[in-house]
Amino acid sequence: MAIWAPNVWEWVTAYYGTQLAAATTVPVNTRFKGPEAAYVLAKSGASTLLTVTGFLGTDYLGWLEGAAAEQPTPALRRRVVLRGEVPEGAVGFEDFLRAGDAVSDAVLDERTASLGPDDRSDISFTSGTTGSPKGAVATQAQVCAPFGAWADVVGLRADDRIMIIAPFFHSFGSKAGLFTALLAGATVHPRLTFDPAGCLRLIENERITVVPGPPAIFHGLLADPARSAHDLSSLRLAVTGSSDVPTDLVLAMRGELGFEHVVTGYGLTESSGVATMCSHTDDPETVARTAGRAIPGVEVRIDGGGGAPAPTGRAARSSCAATT
């Protein structure tokens, strides 16, 4: 079941519903155009597409129809509109959910109980920067175990209120965001797009405690001219990465935004989205100059050249292979 939609609450419902039904989730990049999305749908064999209409002037279903001649999607049987006008040939989300009334709780429980650690959880596609996007298959164990450890390492708590700016189609938004919040019992506040002023208002009004995101997010919050007018005292934990994190930025996030803890990490789509993490107890220099340690259940090997692993303890700037 493919989900091609921005960070709306219906995405969350579709994601967890897919997992409970023992189906496979296929997140689709909202920046993809018709041919790219059609490729993902065809390659994954998705039978159902859950999407939106009218988001930021886009017409996902129209794009998909336009790409049909170039890239057919023979397995696709259902098109469900999570939010927006429902065109001919599609079904609205409420009607789609209503069809589930015919399924008993016993049948659903049996389906959910049938899941094992080696069963598929999702197929997440890379951005395809060096060719066609590659679909990385993650099992239930490859999601539950590492992200359970992730929540412990970063210090996520049940009373946390998490502002998720990272898109749900990316593992940073869905797994490190939605899934870890579920494991910890925390509250999620999704954002459709990033605008510093709106985020600052949300932090103040909803008493946000955790903000995951790349360094650009925090640069934006720090640079907003109205920042000092907002009460940011609730902020507790920032999780960042995806690019270099200068020590000065870590210190500013602590001193000016008020974060008690700032952590960084490293992950990739092919390893379910996480490989290494700093701890919430690490000092600013460690957070800024490293990507942390391999989380429990993950082995990391750094290529030292010619396919041989780099010696332990030696800094390396090279490709990294991680397995969960």
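Up top is the structure.
Every value quoted in this text rests on a predicted model; they were computed, and no experiment measured them.

Undergrad: Sorry, what's going on with the nonpolar core here?
TA: Most often, soluble globular proteins have nonpolar side chains that are buried together. Formed by 88 residues in total, the largest nonpolar core has its most connected members in Phe218, Leu257 and Phe259. Ignoring sequence-local partners within four residues, the contact set of Phe218 consists of Val211, Gly213, Ala238, Val239, Thr240, Leu249, Met253, Leu257 and Phe259.

Undergrad: Please clarify how the pairing of strand S4 (residues 78-83) should be interpreted in this entry.
TA: Looking down a regular strand, the side chains alternate between one sheet face and the other. As judged from the 5 bridges shared by strand S3 (residues 48-52) and S4, these two strands associate in the parallel manner. Paired with Thr51 across the bridge in S4 is Val81. At this point the chain moves from S3, through helix H3 (residues 60-66), to the parallel S4, and the crossover so formed is right-handed. Relative to strand S5 (residues 91-92), S4 runs parallel, the two being bridged by 2 bridges. Among the inter-strand pairings, Val81 is bridged to a residue of S5, identified as Gly92.

Undergrad: What exactly am I supposed to notice about the sheet that holds S3 here?
TA: Where strands meet in a sheet, backbone hydrogen bonds hold them as pairs that are either parallel or antiparallel. The strand order across the open sheet built from 5 strands is S2-S1-S3-S4-S5, with neighbouring strands paired in parallel fashion. The strands lining the two open edges of the sheet, one partner per strand, are strand S2 (26-27) and S5. Contacting strand S1 (2-4), S2, S3 and S4, helix H1 (residues 9-20) runs over the sheet at an angle of about 140 degrees to S4.

Undergrad: Can you walk me through the packing of aromatic side chains in this structure?
TA: The geometry of an aromatic ring pair comes down to the distance between the two centres and the angle between the two planes. Under the criterion given, the structure shown has 7 aromatic pairs. Geometrically, the ring pair formed by Trp4 and Tyr60 is stacked, given 4.3 Å between the ring centres and 25 degrees between the ring planes. Residue Trp4 is found in strand S1, and its partner Tyr60 is found in helix H3; the two are separated by 56 residues along the sequence. A relative accessible area of 1% places Trp4 in the buried class.

Undergrad: So what exactly am I meant to see when it comes to helix H2 (residues 34-44) here?
TA: Count 3.6 residues to each turn of an α-helix, and residues three or four apart come out pointing the same way. Along H2, the residues that are buried comprise Gly34, Ala37, Ala38, Val40, Leu41 and Ser44. For H2, the arc enclosing every buried residue in end-on projection is 160 degrees, short of the 170-degree limit, so these residues lie on one face. Looking at the buried residues of H2, the elements they touch are S1, S2, S3, H3 and strand S6 (120-125).

Undergrad: Teacher, can you tell me more about the side chain of Thr73 here?
TA: Positionally, Thr73 belongs in the loop between H3 and S4. Assessed through its relative accessible area of 16%, Thr73 is described here as buried. If sequence neighbours within four positions are ignored, Thr73 has contacts with Ala38, Leu41, Ala42 and Arg79.

Undergrad: How should I be thinking about the packing of H1 against helix H7 (residues 171-184) in this particular structure?
TA: Packed helix pairs are characterised by how far apart their axes lie and by the angle those axes make with each other. It is the contact of H1 with H7, at a shortest axis distance of 12 Å, that shows an interaxial angle of 75 degrees. Between H1 and H7, the angle falls in the class roughly perpendicular. On H7, the residues that touch Trp11, Val12, Tyr15 and Tyr16 of H1 are Ser174, Lys175, Leu178, Phe179 and Leu182. In terms of residue class, the contact of H1 with H7 is built from 7 nonpolar, 1 polar and 1 charged.

The rules behind these values
Residues numbered from 1 in each chain as written. Predicted model: local features only at pLDDT ≥ 70, side-chain atom pairs only at ≥ 80, totals over all residues. Heavy atoms only, no water. Core = buried A, V, L, I, M, F, W, Y, C linked by side-chain atoms within 4.5 Å. Buried < 20%, exposed > 50% of the residue type's maximum accessible area, 1.4 Å probe, protein only. Contact = heavy atoms within 4.5 Å. Pairing = 2+ DSSP bridges. Helix = DSSP H or I, 4+ residues; strand = E, 2+ residues; numbered from the N terminus. Right-handed = clockwise from strand over helix to strand, strands pointing away. Axes fitted to C-alpha atoms, helices over the stretch in contact; angles between N-to-C directions. Phe/Tyr/Trp six-rings, centres within 6.5 Å; stacked < 30°, edge-to-face > 60°. Arc of directions from axis to C-beta. Parallel < 35°, antiparallel > 145°, perpendicular 65-115°, else oblique. Nonpolar A, V, L, I, M, F, W, Y, C, P; charged D, E, K, R; others polar.

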